[in-house]
Amino acid sequence: MTRLLDADVFASAKAALPVPYNGGVGGDAIAIVDGTLAVTASHRHPTLLLCLRRPLVDERLVVSIVVGEQRHPDVVFGAYSHEGTALPAVAPTTTADLSGPFTVHVTVRYQGGDAAFSGTSPEEPALQSPDVEELLEGRLVTGVLGKLAVIGALEKQRLIAQAREVAASRSLDLARRHSLDVLGVELGVPRRTDIDEADDAYRARLAIFRAFRLSTPGGFANALNGPGDPEGANRGLPALAGVKHRFDIIEQINPLSVALKLVEVGDGSSLNDFHKKLRRNHLVDLLHRAPTQLPPARRVEWEADRATIRSEVIVPAGDSARYLHPGAARCLAIAVRLMRGVGISDQISLNKAHDPQAGSEFELGLGIVAGKLTQEQLKTLVERIPEVARSERVEDPNVALAADMHPRPVEDDPLGAWFFNACGFVTVVEHSTKEVLLSPFPMHGLSIEGPGRLDPGDSVRLRARYVSASSGGVHVLAAQARQRVEGAFAVGEQLRLMSIVDGAQLTEIVESIAGDAPDAPVAFAPLVKAGIVARDSAAQATSLLGAADLDLAVAFLWKREEVVGTRGDDSLVKHVSELSRVLTDGGFSSVVGLSSASSDSLVLVASVAQLPGSLSVPGEPPAAAYWWTETAIISGPHSVQRHPCGISADGSTSVRVRARAEGIGLVAVVGYHRVGLADPYGVRITLADPEALLTAEQYGYVMNLLGAFCPIGIEINTFDLRRAHVDADGDGESEWLTSRASRSYHQYRQVRWSRRSADRTP
């Protein structure tokens, strides 16, 4: 027969006695007021019990009892006592049948955590009202038989408490000591033996693998940061390890840029015919109606866009801006209509579109050049776009378009990229001081330079160029990195002591070093020994000229006396290492140190690509990378199953194109530019506070957490953490962890091997 344990000892005792003997076991409640229990009347053989009003977990209550001048033994409510647990406190001893009234004074001390299981006398201060009243109350039992029935039922309380403790041993939050070790063995995460690991620290490590987790963006963010204010403290799993700052999870990917170039192998007639067919069948001709073979709906849309551009846009005479890619025409027409919708009547100019002779951006009609919007036009858009978005004219297409826009101040976005992007243009870059390059494709200023016609058997070098009107002919990322470095050096005196060169000047300096004597000056010997300056600068400079694209690089020069000065060897190495770190922090991916005998200078050549023999940023790939491919568009009569062109690598930004057979080939390059965002199929993790630091233990905890929660097929980039947020030696300053050092943290989960797999021989 199965009987449930009744937690209410008074009810079970009363049920065990027949009437009228059960009248005294009801357990009349007596409230505790200011630490005092008052029995106000006389009762026959009374017994006062203290009763819990809420269950205890890893908690312990020690109650001191004083009646008059006499102190009674302490009443102890152990861990996991359930609600309603009652323990005898006072039973007046007298020969008379009646006792009372009497007053009982109680003092309650609370112990939590490990102290609740220590069994030692509590040293904590006594609880005050109303905490005592919320925890305890008095229950009065009268009569000898009633007292016997209640005390006989008290053993049930011990059984219930033991059952609750057994259940708690399977809970990560409540398990302790051996029970916690059992959970760790099940998860393959043993308690550390190299240190005396406390339960709380061990429990925090187990939480990574024990907690229910889902590798979704929401589950990942909740594990790393937890709920709450994004500006507040960390409330995720790292908080268990003492991490106070929240993490930034960057999922937006670095931009991809695409450039296309046509290459004809032959006399040029095939390419001319190709452009004629392109204009006739595939591009919007502003002077002629849309081709009749288009679907009716598409033809109506094409004609509407053509009419808008002809009437509202200034187009020069001739063919340089007459033919547009349908996508570019559509985006331009939307932008013009929205400008008219907000009251801007000034016409914008279309200066260039499909032009076979103007460069790879225009030979397929993918890019157009328009006049820049004036500051007055941009301010009008910023002010009136929100008004259009609030309009009730739901049938107006401008209303829905304006609702998706996020205007930015003219100072932050002088080109109005926020406006053009919302209209469908993906590429919005400065083309000249008065013009902007627009495209519905991700060109972003990337182009391919080189000849577009070859004779059979010839070869030519094609080069990817990513420049803008403001970068001065230098790669855009290199120009941006130079600007950041100048800002960093401007804080001290370095900007005054140094020279910065790029472009043609950089090439001249490297060429002059290539012609110098190979040995570095004696003063630079410590730098050569440390690997910061090349042992043979002339050979290194020759290697740069032959294998590197110097438009991706910038050179920083210091006179020898400014660098060496009165510094010792160690101080000199540390000083130049700091200079090099400023360059890599600014966005350069690699740095080469050269000594210039002709100018008696130290030259640090920094590039956003990988330089031969360079000091690279540890654990981070180059900021600029390119991937090339080619395909056939038109093959000649004798080139069946053979592409007109073949390509092979010829530098970090260029390829060698070899003519194989007559026809037209399409060469494509995809430029990948890392600007601090995530790579495709990856996330980038950094701390929201740039000054926040992680200890070595906290870094290991975060890395184990990221490894456990990493979704399949997703790369987690922790470069920013390793570069500036880990205090590995406890000196209060961050250390830059190399790729090897970054993996030296303690791996929590151990791989389990069965005896069969362990004994198996290969």
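This text goes with the structure placed above it.
Given the structure is predicted, the values throughout are model-derived calculations rather than measurements.

Cut-offs and rules
Residues numbered from 1 in each chain as written. Predicted model: local features only at pLDDT ≥ 70, side-chain atom pairs only at ≥ 80, totals over all residues. Heavy atoms only, no water. Salt bridge = Lys/Arg side-chain N within 4 Å of Asp/Glu carboxyl O. Helix = DSSP H or I, 4+ residues; strand = E, 2+ residues; numbered from the N terminus. Buried < 20%, exposed > 50% of the residue type's maximum accessible area, 1.4 Å probe, protein only. Pairing = 2+ DSSP bridges. Axes fitted to C-alpha atoms, helices over the stretch in contact; angles between N-to-C directions. Parallel < 35°, antiparallel > 145°, perpendicular 65-115°, else oblique. Left-handed = near helix turned anticlockwise from the far one by under 90°. Contact = heavy atoms within 4.5 Å. Nonpolar A, V, L, I, M, F, W, Y, C, P; charged D, E, K, R; others polar. Polar contact = N/O pair within 3.5 Å; in protein donor to acceptor, adjacent residues only side chain to side chain. Disulfide = S-S within 2.5 Å.

Student: In this structure, what is going on with the pattern of salt bridges? I would like to understand it.
Tutor: Where charged atoms from two side chains of opposite charge approach closely, those side chains can pair. Taken as a whole and assessed by the stated rule, the structure comprises 31 salt bridges. In this structure, Asp-181 and Arg-191 form a salt bridge, with 2.7 Å as the shortest nitrogen-oxygen distance. With a gap of 10 residues between them, Asp-181 in helix 5 (residues 178-187) and Arg-191 in the loop between helix 5 and helix 6 (199-210) connect regions that are remote in the sequence. Looking at Asp-181, the relative accessible area reads 26%, which means it is partly exposed. One salt bridge in this structure joins Arg-330 and Asp-305, with 3.0 Å as the shortest N-O distance. Of this pair, Arg-330 sits in helix 10 (residues 326-341) while Asp-305 is found in helix 9 (residues 296-312), placing the two residues 25 residues apart along the sequence. Beyond isolated ion pairs, a larger network of salt bridges with shared partners links Arg-298, Glu-301, Asp-305, Arg-330 and Arg-337.

Student: What should I look at first to understand the pairing of strand 6 (residues 70-77) in this one?
Tutor: Side-chain direction in a regular strand flips from residue to residue, so the side chains alternate between the two faces of the sheet. Sheet analysis places strand 5 (residues 59-67) next to strand 6, joined by 6 bridges and oriented antiparallel. When the bridges of strand 6 are listed, Ile-65 appears paired with His-72. Count of turn residues in the strand 5/strand 6 antiparallel hairpin: 2 residues, of which Gly-68 carries a positive phi of about 65°.

Student: Explanation requested: the packing of helix 6 against helix 21 (residues 696-709) in the structure shown.
Tutor: When two helices pack together, their arrangement is given by the angle between the helix axes and by the axis-to-axis distance. Between helix 6 and helix 21, the least distance of the axes is 9 Å, while the angle of their chain directions is 15°. Comparing their axes, helix 21 and helix 6 come out roughly parallel. The interaxial crossing formed by helix 6 with helix 21 has right-handed handedness. Between helix 6 and helix 21, the contacting residues are Ala-204, Arg-205, Ile-208 and Phe-209 on the first element and Tyr-701, Asn-704, Leu-705, Ala-708 and Phe-709 on the second. Grouping the amino acids of the contact of helix 6 with helix 21 by side-chain chemistry returns 7 nonpolar, 1 polar and 1 charged.

Student: Please clarify how the environment of Arg-71 should be interpreted in this entry.
Tutor: Inspection of the secondary structure puts Arg-71 in strand 6. On the basis of relative accessibility, which here comes to 54%, the residue Arg-71 falls in the exposed class. Sequence spacing of Arg-71 and Ala-321 is 250 residues, and the spatial spacing of their C-alpha atoms is 103 Å. Aside from chain neighbours lying at most four places away, what touches Arg-71 is Ser-64, Ile-65 and Val-66. Of note is the side chain of Arg-71, whose polar atom sits 3.2 Å from the side chain of Ser-64. Side chain to side chain, Arg-71 and Asp-74 meet in a polar contact 3.2 Å long.

Student: Quick question: what am I supposed to make of the state of the cysteines here?
Tutor: Each disulfide is one covalent bond, formed between the sulfur atoms of two cysteines. On inspection of all chains with the given rule, the structure shows 0 disulfides. Considering cysteine sulfurs only, Cys-331 is the nearest to Cys-423, which forms no disulfide, with 7.7 Å between them. Residue classification places Cys-423 among the buried positions, given a relative accessible area of 3%.

Student: I would appreciate a short explanation of the sheet that holds strand 34 (residues 715-717) in the present structure.
Tutor: Strands in a sheet are paired, the pairing made by backbone hydrogen bonds, and the direction either parallel or antiparallel. Taken together, 3 strands build an open sheet; the order of strands is 11-32-34 and the sheet is mixed. The open sheet has two edge strands, strand 11 (247-250) and strand 34, and neither has a second partner. On average, each strand axis in the sheet is tilted by 25° relative to the strand beside it, whichever way the strands run. Sheet topology places strand 32 (residues 682-687) next to strand 34; 3 bridges connect them, and they run parallel. Considered in strand 34, the bridge of Arg-684 is made with Asn-717. This element, helix 7 (residues 217-225), spans strand 11, strand 32 and strand 34 of the sheet and lies at about 160° to strand 11.

Student: Can you walk me through the packing of helix 9 against helix 10 in this structure?
Tutor: Where helix 9 meets helix 10, the closest approach of the two axes is 9 Å, and the angle between their N-to-C directions is 55°. Here helix 9 lies oblique to helix 10, going by the angle between them. By crossing handedness, the relation of helix 9 to helix 10 is classed as left-handed. Every residue of helix 10 that contacts helix 9 at Arg-298, Glu-301, Trp-302, Ala-304, Asp-305, Thr-308, Ile-309 and Glu-312 is listed here: Pro-326, Ala-329, Arg-330, Leu-332, Ala-333, Val-336, Arg-337 and Arg-340. By residue class, the composition of the contact of helix 9 with helix 10 is 8 nonpolar, 1 polar and 7 charged.

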